[in-house]
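Analysis of the macromolecular model
Next come the chains, spelled out residue by residue.
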Amino acid sequence: LAKTTQPISMDSYEGQEVNITCSHNNIATNDYITWYQQFPSQGPRFIIQGYKTKVTNEVASLFIPADRKSSTLSLPRVSLSDTAVYYCLVADTSGTYKYIFGTGTRLKVLA
Amino acid sequence: NAGVMQNPRHLVRRRGQEARLRCSPMKGHSHVYWYRQLPEEGLKFMVYLQKENIIDESGMPKERFSAEFPKEGPSILRIQQVVRGDSAAYFCASSPRVNTDTQYFGPGTRLTVL
């Protein structure tokens, strides 16, 4: 079964770049890696998705090495409103269609 | 285009009662996923359904829990004879085509079992 690990928490200051890594060994070879943001009492909100190398959109970048055993979400110039829990989501590789969320990283942005 | 809708947003049940949670996917989406989030914990996969079919239910408890996604109407997650340990937030997500597409999440249903 796929296993995912993320740092439990991170603190950052406004305007800094934040990098959050998710380790995910044994994931499905043909599926994407997706990152979500979750605020208290809300559903996860899609941030970015990628398969390999680097993907960038208007809010974040995603770096995925060739072995796909990890992925790094990069948030440029964070603000107070980026304080949230961030999760990676991967597909299990065991021949099922089961999805595995990372353990979640609680990001706190300080003024 | 409306997002994923879930109702009710909050549901209170007494032990032994049944809970029915509904999920309407985004328009044009035929794949639905249910996840459970216990208080202060991460999200756990429960079941993946396509129209009229259960594709993977490996994350769903074998007793008391069932899910369906009929040809017409919303997906339903049903919990029979609820216990206090079922208290959690239940999130539904949908995707357009194959399961490799991005999953978009609803606001969740918060179930409280008294």
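We now turn to the structure provided with this report. (Residues numbered from 1 in each chain as written. Chains lettered and ligands numbered in written order. Predicted model: local features only at pLDDT ≥ 70, side-chain atom pairs only at ≥ 80, totals over all residues. Heavy atoms only, no water.)

Notes on the environment of B:Leu11
Residues and elements named next belong to chain B. In plain terms, the rule: Secondary structure follows DSSP: runs of H or I at least 4 residues long count as helices, runs of E at least 2 residues long count as strands, and numbering of each begins at the N terminus. Throughout, exposure labels follow a simple rule: accessible area from a 1.4 Å probe, protein chains only, divided by the maximum for the residue type, with under 20% read as buried, over 50% as exposed, and the rest as partly exposed. Contact definition: two residues touch when any of their heavy atoms are within 4.5 Å.
Its place among the elements puts Leu11 in strand β2 (residues 10–13). Overall, the relative accessible area of 8% leaves Leu11 in the buried class. Distance in space between the C-alpha atoms of Leu11 and Thr109 is 7.1 Å, their sequence separation being 98 residues. Once residues within four sequence positions are removed from consideration, Leu11 is found in contact with Ala19, Arg20, Leu21, Thr109, Arg110, Leu111 and Thr112.

Focus: the pairing of strand β9 (residues 84–91) of chain A
All names here are of chain A. What counts, and what does not: DSSP bridges decide pairing: two strands pair if at least two such bridges lie between them.
Taking burial as the measure, the eight residues of β9 include eight buried ones, the bulk of the element. Residues Ala84, Tyr86, Cys88 and Val90 line one face of β9 and the alternating positions Val85, Tyr87, Leu89 and Ala91 line the opposite face, and both faces are buried. With five bridges joining them, strand β4 (residues 33–38) and β9 adopt antiparallel strand pairing. Note on β9: the bridge partner recorded for Gln37 is Tyr86. Here β9 pairs with strand β11 (residues 105–110) via three bridges, running antiparallel. By the bridge assignment for β11, Ala84 is matched with Leu107.

Let's talk about the environment of B:Ala2
Residues and elements named next belong to chain B. When you line up the elements, Ala2 lands in the segment before β1 (5–7). The exposure class of Ala2 is partly exposed, given its relative accessible area of 46%. C-alpha of Ala2 to C-alpha of Ser75: the two residues are 73 residues apart in sequence and 16 Å apart in space.

Looking at the nonpolar core
To keep it simple, the criterion reads: What makes a nonpolar core is a set of buried Ala, Val, Leu, Ile, Met, Phe, Trp, Tyr and Cys residues whose side-chain atoms join them at distances within 4.5 Å.
The biggest cluster of nonpolar side chains holds 23 residues, and the ones touching the most others in it are B:Trp34, B:Met46, B:Leu77 and B:Tyr90. Mapped by element, the contributors of at least two residues to this core are β3 (19–24), β4 (31–37), β5 (43–50), β7 (65–68), β8 (75–79), β9 (88–95) and β11 (109–113) of chain B. Filtering out sequence-adjacent residues up to four positions away, B:Leu77 remains in contact with B:Ala19, B:Arg20, B:Leu21, B:Trp34, B:Met46, B:Met60, B:Ser66, B:Ala67 and B:Tyr90. A:Ile33, A:Ile48, A:Leu73 and A:Ile100 belong to the second largest nonpolar core, which has 22 residues in total.

Overview of the sheet that holds strand β8 (residues 70–75) of chain A
Residues and elements named next belong to chain A. Note the threshold: For helices, the fitted line uses only the C-alpha atoms of the stretch in contact; every axis is such a line through C-alpha atoms, and the angle between N-to-C directions lies from 0 to 180 degrees.
Across the sheet, which stays open at both edges, the five strands sit in the order β1-β3-β8-β7-β6 with antiparallel pairing between neighbours. The sheet is open, and its two edges are formed by β1 (3–5) and β6 (53–56), each paired on a single side. For this sheet, the mean angle separating the axes of adjacent strands, direction not counted, is 15°. Two elements, strand β3 (residues 18–25) and β8, share six bridges in a ladder whose sense is antiparallel. When the sheet's bridge partners are listed, Ile20 is paired in β8 with Leu73.

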